[in-house]
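Residue strings, one per chain:
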Amino acid sequence: MAKGFILRGELNVEFRSSTVYTQQAKNWFSGGLTVFEKEIQEILDGPALDPGTIRGGVTCGAPGALWGFCQVTTRGARGLQATTKVISEANLAWFLTVLDKGAFSASVGISRIGENGSPEIRLARITAEREEDADSWVRLGCEFPQESIADKEFQDHFLRFLKGSAAGLNPSFGHVAYNYTVGKTALEEVLGPPWLLPEDTLPESRLYLRGYSWLTVCPQELADRLGGAAELRATGAFHEVDELAEGGVWLLATPAFDEYDQEHSARVWGALAPVIRPGKPRQFSEEPGHPPLPVVYEDAAQARGVAEPE
């Protein structure tokens, strides 16, 4: 596996009501912040962050120190309006209180300051957002450097958090993968034309799997079409196959992310091909600075002779 890229863990679920979404967001941040509690505590134990750094143009702190923010976006008569504050004990308390009142989206970010005094290395970005162009959907995300997951303690903590969150949501999709453009999956990066955005694929995420990766959360509707957890386990393509309490199946391909390569990707593709979004992926030349695309360049439907879902 290539090194030095940002990874993204994500869960997708239908927007049911403002009350339900508020609780989902609070649970997501409560769990996500424990994954990065060491970084949060390092900020709280250090010099107070300057609120003026939110506006930019000033030094955020000493090189090597941590800097962070919390942001809540609400929707009102004038449209979407974001309020952003630096991380402090008071501001984190404000953040959770505002979430209780309802929000369109929210995020917490932590970065390490570079030599120029600006946030340079992203250590964490936790988000909860309604998809603006597919308003009946929610995307829960968490981004961090690939190097973080090489630490088994971090990996285990993050996967426990993600699995616990997924268990109570009946998600339509979930994964841990490289962070691609605007939250696309690797498959969505190369499937087209027409090129698809998450806002296009989310409404059909219980009909077609958005993608497949080291970790894939398959919705119950698609898992049933594949024969359920027992049949998925029998394929031998996965290190872990677990049914989630409220619906869906947790599929972890290898014990560690860095073990997931093109060979494992092909095995996962083979196990999931009947429900993967149809279409022939287009193969591009690798570009420096872009994360790898561990996908199979075949039309899953044609390769398996799969009929379209009714």
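These notes cover the structure that comes with them. Keep in mind the model is a prediction, meaning the values are calculated, not measured. (Residues numbered from 1 in each chain as written. Predicted model: local features only at pLDDT ≥ 70, side-chain atom pairs only at ≥ 80, totals over all residues. Heavy atoms only, no water.)

Side note on the pairing of strand β9 (residues 240-243)
Next up, step 1: Pairing of β9 with strand β10 (residues 249-252) involves four bridges; the strand directions are antiparallel. Among the inter-strand pairings, E243 is bridged to a residue of β10, identified as V249.
Next up, step 2: Counting the residues between successive antiparallel strands, the hairpin from β9 to β10 contains five residues, one of them, G247, with a positive phi of roughly 125 degrees. (Pairing = 2+ DSSP bridges. Helix = DSSP H or I, 4+ residues; strand = E, 2+ residues; numbered from the N terminus.)

Notes on the pattern of salt bridges
Next up, step 1: One pass over the full model with this rule turns up 17 salt bridges.
Next up, step 2: Linking E10 and R8 is a salt bridge whose minimum nitrogen-to-oxygen distance equals 2.7 Å. The residues E10 and R8 share a single accessibility class, namely buried.
Next up, step 3: With a closest N to O distance of 3.0 Å, E221 and R206 form a salt bridge. Residue E221 is located in helix α8 (residues 220-225), and its partner R206 is located in the loop between α7 (198-201) and β8 (215-218); the two are separated by 15 residues in the primary sequence.
Next up, step 4: Residue classification places E221 among the partly exposed positions, given a relative accessible area of 35%.
Next up, step 5: The structure contains a network of salt bridges with shared partners spanning R8, E10, R122, E131, R139, E143, E188 and R210. (Salt bridge = Lys/Arg side-chain N within 4 Å of Asp/Glu carboxyl O. Buried < 20%, exposed > 50% of the residue type's maximum accessible area, 1.4 Å probe, protein only.)

A word on helix α3 (residues 89-101)
Next up, step 1: The end-to-end C-alpha distance of α3 is 19 Å, a good match for the 18 Å that 13 residues give at a rise of 1.5 Å each.
Next up, step 2: Of all the positions in α3, only N91, L92, W94, F95, V98 and L99 are classed as buried. Down the axis of α3, the sector holding all buried residues measures 155 degrees, keeping them to one side. Those residues of α3 that are exposed and angled more than 90 degrees off the buried face are E89, A90 and K101.
Next up, step 3: Turning to α3, the residues buried within the fold contact α1 (18-35), α2 (37-45), β2 (66-76), β3 (79-86) and β4 (105-113).
Next up, step 4: Directly after α3, the chain includes G102, whose backbone phi takes a positive value near 105 degrees. (Expected span 1.5 Å × (residues − 1). Arc of directions from axis to C-beta. Contact = heavy atoms within 4.5 Å.)

A few points about the packing of α1 against α3
Next up, step 1: Where α1 contacts α3, the two axes come as close as 8 Å, and the packing angle between them is 160 degrees. Between α1 and α3, the crossing angle belongs to the class labelled roughly antiparallel. Helix-helix and strand crossings are classified by hand; for α1 and α3 the assignment is left-handed. Along its contact with α1, which presents T22, A25, K26 and F29, the element α3 presents F95, L96, L99 and D100.
Next up, step 2: Considering only residue class, the contact of α1 with α3 consists of five nonpolar, one polar and two charged. (Axes fitted to C-alpha atoms, helices over the stretch in contact; angles between N-to-C directions. Parallel < 35°, antiparallel > 145°, perpendicular 65-115°, else oblique. Left-handed = near helix turned anticlockwise from the far one by under 90°. Nonpolar A, V, L, I, M, F, W, Y, C, P; charged D, E, K, R; others polar.)

What to know about the sheet that holds strand β5 (residues 119-130)
Next up, step 1: Pairing is antiparallel in the open sheet, where ten strands are placed in the order β3-β2-β4-β5-β6-β1-β7-β8-β10-β9. A strand with exactly one partner marks an edge of an open sheet, and here the two such strands are β3 and β9. Geometrically, the sheet is characterised by an average inter-axis angle of 15 degrees between neighbouring strands, direction not taken into account.
Next up, step 2: In this structure, β5 lies alongside strand β6 (residues 137-145), joined through six bridges in antiparallel fashion. Along β6, the bridge assignment pairs E129 with R139.
Next up, step 3: Its contacts with the sheet put α2 on β2, β4 and β5, and the angle it makes with β2 is roughly 105 degrees.

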